[in-house]
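# Breakdown of the fold
These are the residues of each chain, in order.
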Amino acid sequence: MKRLVLTIATLGLAFAAHAQMMLQRPVVLPDVQPLPDSTVTDTTHCGGDPHAVNLFLGVGAGATLYNSNLDYSPYYSRFGLQLQVPLWFNYRLSPHWALSAGMRYDLRFDPLVYAVKINPYDNGLDFESAALPGKQSAYVLRHYVGVPLKATWYPWPGESRLLGITFDLFAGYCFDGHILTRTTEVYRTVIGSEQNIDVEGYSDRSSNDPSLLPWKLELGASLTTDVLGMMHSVRFFVDLLPSYRDPLTGETLHTAGMTIFF
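The paragraphs below set out a description of the structure included in this document. Bear in mind the structure is a predicted one, so any value in this text is a computation, not a measurement.

Criteria and cut-off values
Residues numbered from 1 in each chain as written. Predicted model: local features only at pLDDT ≥ 70, side-chain atom pairs only at ≥ 80, totals over all residues. Heavy atoms only, no water. Patch = residues over 30% accessible without salt bridge, like charges linked within 9 Å, V, L, I, M, F, W, Y side chains within 5 Å. Areas by Shrake-Rupley, 256 points an atom, 1.4 Å probe, with all protein chains shown as cover. Salt bridge = Lys/Arg side-chain N within 4 Å of Asp/Glu carboxyl O. Helix = DSSP H or I, 4+ residues; strand = E, 2+ residues; numbered from the N terminus. Buried < 20%, exposed > 50% of the residue type's maximum accessible area, 1.4 Å probe, protein only. Core = buried A, V, L, I, M, F, W, Y, C linked by side-chain atoms within 4.5 Å. Contact = heavy atoms within 4.5 Å. Phe/Tyr/Trp six-rings, centres within 6.5 Å; stacked < 30°, edge-to-face > 60°. Lys NZ or Arg CZ within 6 Å of the ring centre and 35° of its normal. 1 Å grid on protein atoms, 1.4 Å probe; cavity = no way out; pocket = protein on both sides within 12 Å on 5 of 7 lines; lining within 4 Å. Points joined across faces, edges and corners; volume = space filled by probe spheres on them. Nonpolar A, V, L, I, M, F, W, Y, C, P; charged D, E, K, R; others polar. Polar contact = N/O pair within 3.5 Å; in protein donor to acceptor, adjacent residues only side chain to side chain. Pairing = 2+ DSSP bridges.

## What to know about a nonpolar patch on the surface
Where nonpolar side chains cluster on the molecular surface, the patch consists of V53, L55, L57, V59, L83, V85, L87 and F89 and spans about 770 Å² of accessible area. Sorting the residues of the nonpolar patch by element identifies β1 (53-57) and β3 (79-92) as the ones contributing at least two each. Residue contributions to the nonpolar patch peak at four residues, all from β3. Under the relative-accessibility criterion, V53 is labelled exposed at 53%.

In structure tokens form, the structure reads like this:
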């Protein structure tokens, strides 16, 4: 038994010494020549051909906060909603600059702040002077088609989705627009232990109202990014042409504001 233990111990010490010698022995690698590099370095830093022309079809939705001279007008809106369907060609002029042009459809929905009524004589809007027994709402809905022109500057061309600064001009024509006012009245009658609730509503619609001027020439500047989740861009704009002409006063009304796109 002791002889077996001594034999195992001797083999163990011998194996340990051999392993230590193998670890301490330097490893010599054969002289291998590196293979020639077949990759092509992108010296433009814009992910491909710097002068490529691409066609894009997209859809965008945004919410607008207005800041204009309509504060004391029946056409005043604090905010609006819009849907855009653009089809444009994008040309990468250089690693830092891209130019875009094409066609775009806009749907714009602007709720009005004040209780208004449609003037039956000259169309247009006026303030509702009578007391309203219920709830009144009014909005302007427009459909535009036009030509957008854009120039975008990328501070970091290699990561263009981080940030883009865009200057744009949109020339559009409203091929359909109307004003809709709606009043909802609620009545309750109680007889004994029973009650009845009656809801009555009526609407006034003015289509192609002469106070809605059809042409739009909008100048804007945007900050765009694809790394903030739902918010993709913030655009500041001013309409160089008036959006409304009040038939009562003859005053032209312009719109300006900020739109957040999602």
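From this point, the discussion proceeds with the structure in view.
## Quick look at the nonpolar core
One broad rule of soluble globular proteins: the nonpolar side chains tend to lie buried together. Judged by nonpolar contacts, the single largest core of 13 residues is most densely connected at L70, Y75, L112, L125, V140, I179 and Y244. Mapped onto this core, the elements with two or more residues apiece are β5 (116-118) and β7 (135-153). Excluding residues that lie within four positions of it along the chain, Y244 makes contacts with L70, Y75, D110, V140, R142, S211, L212, L213, E251, T252 and L253.

## What to know about the pattern of salt bridges
Under the criterion given, the structure shown has seven salt bridges. Overlapping salt bridges, with partners in common, bring together R104, D106, R108, D168, K216, E218, R235 and D239 in one network.

## Some details on the packing of aromatic side chains
Within the structure shown, the criterion is met by seven aromatic pairs. With centroids separated by 4.8 Å and ring planes inclined at 45°, the aromatic side chains of F109 and Y139 adopt a geometry described as tilted. Placement of the pair is F109 in strand β4 (residues 97-111) and Y139 in strand β7, with a sequence separation of 30 residues. Among the aromatic side chains, those forming a connected cluster through ring pairs are Y76, Y114 and F127. A cation over an aromatic ring shows up here: R104 above the ring of F170, its NZ or CZ 4.0 Å from the ring centre. The positively charged end of K150 is found above the aromatic ring belonging to W88, 4.5 Å away from the centroid.

## Concerning the layout of surface pockets
What the largest pocket holds in volume is close to 1,200 Å³. Around the largest pocket, the lining comprises 42 residues; the ones closest to its centre are W88, K150, Y154, T166 and T224. Considering every element that reaches the lining of the largest pocket, the biggest residue donor is β3, with six residues. Counted by class, the lining of the largest pocket contains 17 nonpolar, 17 polar and eight charged residues.

## Here's the deal with the side chain of S211
Here S211 shows up in the loop between β9 (194-207) and β10 (215-224). Of the polar contacts made by the side chain of S211, one reaches the side chain of Y75; its length is 3.1 Å.

## Quick look at the pairing of strand β8 (residues 164-191)
In this structure, β7 lies alongside β8, joined through 19 bridges in antiparallel fashion. Each bridged residue has a counterpart across the sheet, and for L149 the counterpart in β8 is L169. Pairing geometry for β8 and β10, over 10 bridges, is antiparallel. From the neighbouring strand, F167 faces β10, where its bridge partner is A221. Here β8 pairs with β9 via 14 bridges, running antiparallel. In the strand pairing of β9, R182 is matched with S203.

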